[in-house]
Amino acid sequence: MRRFFPKLIRFWNEDRSLTIMLLLLSLFIFVFVPLLSREKNGEIFIRIIYSTLLISGIFSVAGHKKYVRIVIIAAAVGMVGNWISSAEPNALTLVIHDLAAILFNCVFVLVILVKTFQAGEITYHRIEGSIIAYLLMGLIFAYAFQVVYLLDGATAFNNIEEPSLKEFLYFSFTSLTTMGYGDISPVHPIARSLANLEALIGQLYPAILIARLVSMEFEASSRRKGKV
């Protein structure tokens, strides 16, 4: 075990770990939550996958000492809240879980972006890192919308069938990508402000950060050609 954990931490701090994280996060957001959330066994499976994401997130920031404590605390609260909210699904436990998830994912996005834009060759793993950060932003806003709903009640949004993460993930990514089908709409002022902010981030993120990655690749390519 003493040899296993250092190897595991080393793996999650390498660029290749971004491929595994992207796969887990994509399955969680686009497959497991939408398709399995209505079944009891599916709910348990989703919570296991979510706990796995939290644990892998801790290992990912192990090399960044200034973030470790914040991530561990947020992940621990999120994990406990995740399972308690399953046994006692009331507004308090759900809000605590969602707030911990927001804090955890915000720090996680920061670490992923640091890892993505650090000095070195721009590989496809770095591109995956930028996609992970984008997906995490959608997840963060989904939890934020759920908090608004839990605190304000059913009047916070129009046409929410059930106050589940599935519904808020759907609304979050339609806002992030500015598709705006109009089937779910925010009513509460905070929900509207969050939707506007998310849409703005969805427009600026590809234009600024992805463009920065491309420019870094051009700079690295020019340096390599200059050495030849």
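The paragraphs below set out a description of the structure included in this document. (Residues numbered from 1 in each chain as written. Predicted model: local features only at pLDDT ≥ 70, side-chain atom pairs only at ≥ 80, totals over all residues. Heavy atoms only, no water.)

Digging into the packing of aromatic side chains
When we look at a pair of aromatic rings, we describe it by the centre distance and by the angle of the planes. Inspection of every chain in the model, using the stated rule, returns 13 aromatic pairs. Geometrically, the ring pair formed by Phe30 and Phe173 is tilted, given 5.6 Å between the ring centres and 55° between the ring planes. Note that Phe30 is positioned in helix 2 (residues 17-36) and Phe173 in helix 7 (residues 165-176), a separation of 143 residues in sequence. For Phe173, a relative accessible area of 11% translates into the label buried. Look at Phe32 and Phe45: their rings are 4.9 Å apart centre to centre, the planes differ by 90°, and that puts the pair in the edge-to-face class. Of this pair, Phe32 sits in helix 2 while Phe45 sits in helix 3 (residues 40-60), placing them 13 residues apart in sequence. For Phe32, a relative accessible area of 14% gives the class buried. Its relative accessible area of 36% is what places Phe45 among the partly exposed residues. Site record: aromatic cluster; members linked through ring pairs are Phe141, Phe145, Tyr149, Phe157, Phe168 and Phe171. (Phe/Tyr/Trp six-rings, centres within 6.5 Å; stacked < 30°, edge-to-face > 60°. Helix = DSSP H or I, 4+ residues; strand = E, 2+ residues; numbered from the N terminus. Buried < 20%, exposed > 50% of the residue type's maximum accessible area, 1.4 Å probe, protein only.)

So, a nonpolar patch on the surface
A cluster of nonpolar side chains, Ile73, Val77, Leu92 and Ile96, forms an exposed patch at the surface whose accessible area comes to about 370 Å². Elements represented by at least two residues in the nonpolar patch include exactly helix 4 (65-87) and helix 5 (91-116). Counting through the fold element by element, Leu92 comes out in helix 5. Relative accessible area serves as the criterion here: at 60%, Leu92 is assigned to the exposed category. (Patch = residues over 30% accessible without salt bridge, like charges linked within 9 Å, V, L, I, M, F, W, Y side chains within 5 Å. Areas by Shrake-Rupley, 256 points an atom, 1.4 Å probe, with all protein chains shown as cover. Salt bridge = Lys/Arg side-chain N within 4 Å of Asp/Glu carboxyl O.)

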